[in-house]
Amino acid sequence: MPISSENAKKARVLFEKAKRILCVCHRNPDGDAVGSLLGMGMLLEGAYPGKSVQFHCKDPAPDSFSFLPGVHRMQGAPDLLEGDVVVFLDCAEPKQTDLHESHPQLFDKTYLTINIDHHPTNTQFADLNFIVPDAASASEIVVECADILGWQLDSDIATCLLTGVYTDTGGLLHSNTTAKVYRTVARLLRAGARQQEIVQAVFRRATVSTLKLWGRVLEKITVTEEGGAISALTKGDFRATGAEYSALTGAIDYVNAVPGMRFSLILSERDDGVVKGSLRTLRDDVDVAKMAGKFHGGGHRKAAGFSLQGRLQPEVRWKVVPPPRDAPAL
Ligand SMILES: [Mn+2]
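Since the model is a prediction, treat every value here as computed from it, not as a measurement. (Residues numbered from 1 in each chain as written. Predicted model: local features only at pLDDT ≥ 70, side-chain atom pairs only at ≥ 80, totals over all residues.)

Caption draft 1: Seen up close, the overall build of the protein. On a plain count of helices and strands, the protein comes out with ten helices and eleven strands. In terms of overall dimensions, the protein is globule-like: its C-alpha atoms have a radius of gyration of 22 Å, near the 20 Å expected for 330 residues. Judged by the C-alpha coordinates and their principal axes, the protein covers about 90 × 40 × 35 Å. Nonlocal contacts in the protein, meaning residues at least 24 apart in sequence, comprise 66% of its contacts between residues at least 6 apart. (Helix = DSSP H or I, 4+ residues; strand = E, 2+ residues; numbered from the N terminus. Rg over C-alpha atoms; globule rule 2.2 N^0.38 Å. Contact = placed C-beta atoms within 7 Å.)

Below is the structure:
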């Protein structure tokens, strides 16, 4: 359901009733997960002074987001008490929090829950579901929510939320960059978002190990007969470059730049015997969410992903071609 004023009222009642509030985003957080989590958490603190707000993510935020106010508050196991209200951000389904096994009570109606997300595959697992598939980011929905409820945006909050808007639109370059996105950006800049701080920390900064990893991604691109530009990274590539998995973020846009392709794919081996796939397309007639679905993944039409158990094995195909007809005889 989108955010009608009726649903916003329900959310207000829920927050007023809450003893404490826990905000949770998906594991391996990206800019939108971190930005919407911190932005929402700080908005709630402003709107309900005196109520304790916890910020939780299973994994720490990548280094590039360490400039965000409040980012150090994201660690630690969730501590739950009766009467707490839980807000999920940018999570399409419970397992993305990686709390579904350790804290099943978050998903069995023990607590009142709100789900703020923009993934069309969202399973609506909360009591109140603010799912807006047309929104480019969860952060965009948080801004809408704040404005409907009359919550105050300050410069720190706006900086967190603008980070989410920027990262989920690839710096306002992806096809999900709607007029609404630009209005949201204007709204956040007016509220004091520190735009240059975000640009420099997130888009104009890459460590040597990240650049070396990207070098491997680019070097290993192959083009398939089905029109896919594909690259693959083994554990050895991560080891040799010293790069973290999160360093891969953004590399797919270069693979996706090969002209005439139907889709692009980066496969990467992870520590836990998992191979992750990241899919993109620039075409309207290709749905990479559907492709990812075949491997139990999901996402958006133009950007999706999946995880499989296993490891990567290179496949080399050789064929013998006859010499050109006018070649001189040996
Ligand atoms: Mn998102």
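Caption draft 2: Looking closely at the pairing of strand β4 (residues 112-117). Where burial is concerned, most of β4 is hidden: five out of the six residues are buried. Of the pairings in the sheet, the one linking strand β3 (residues 85-89) to β4 comprises five bridges and is parallel in character. Each residue of the ladder has a partner; that of V86, found in β4, is T113. Of the strand pairs in this sheet, β4 and strand β5 (residues 128-131) are connected by four bridges, and their pairing is parallel. By the bridge assignment for β5, N115 is matched with N129. (Buried ≥ 20, exposed ≤ 12 C-beta atoms within 10 Å, placed from the backbone. Pairing = 2+ DSSP bridges.)

Caption draft 3: Region of interest: the sheet that holds strand β2 (residues 53-56). The strand order across the open sheet formed by five strands is β2-β1-β3-β4-β5, and the pairing between neighbours is parallel. In this open sheet, the two edge strands, each paired with only one partner strand, are β2 and β5. On average, each strand axis in the sheet is tilted by 15 degrees relative to the strand beside it, whichever way the strands run. Two strands pair when backbone bridges link them, and strand β1 (residues 21-25) and β2 are joined in this way by four bridges, in the parallel orientation. (Axes fitted to C-alpha atoms, helices over the stretch in contact; angles between N-to-C directions.)

Caption draft 4: Region of interest: unusual backbone geometry. The phi angle at D90 is positive, at roughly 60 degrees, despite the residue not being glycine. Mapped onto the elements of the fold, D90 is located in the loop between β3 and β4. Residue classification places D90 among the buried positions, given that 30 C-beta atoms sit within 10 Å. Of note in this structure, Q124 is not a glycine but carries a positive phi near 55 degrees. Residue placement: Q124 occurs in the loop between β4 and β5. Its 13 C-beta neighbours within 10 Å are what place Q124 among the partly exposed residues.

Caption draft 5: Structural context of the sheet that holds strand β8 (residues 263-270). As summarised here, the arrangement of the six strands in space is β6-β7-β8-β9-β11-β10, forming an open sheet in which the pairing is mixed. With one partner strand each, in any of the chains shown, β6 (222-223) and β10 (298-299) form the two edges of the open sheet. Where strand β9 (residues 274-280) lies against strand β11 (residues 303-309), seven bridges are found, and the strand directions are antiparallel. When the sheet's bridge partners are listed, V274 is paired in β11 with Q309.

Caption draft 6: Representation of the domain arrangement of the protein within the structure. Entries for the protein in the domain assignment read domain 1 (5-202) and domain 2 (208-309). One C-alpha centre belongs to domain 1, the other to domain 2; they are set 26 Å apart. Tallying the contact residues gives seven residues for domain 1 and six residues for domain 2. Here the side of domain 1 that touches domain 2 is built from residues that sort into three nonpolar, three polar and one charged. (Domains from an automatic or database assignment. Nonpolar A, V, L, I, M, F, W, Y, C, P; charged D, E, K, R; others polar.)

Caption draft 7: Structural context of the environment of P60. With respect to the secondary-structure elements, P60 resides in the loop between β2 and β3. For P60, a count of 16 C-beta atoms within 10 Å corresponds to the partly exposed category. For the pair formed by P60 and A206, sequence separation is 146 residues and the distance between their alpha carbons is 18 Å. When near neighbours in sequence (up to four residues on either side) are disregarded, P60 contacts M74 and Q75.

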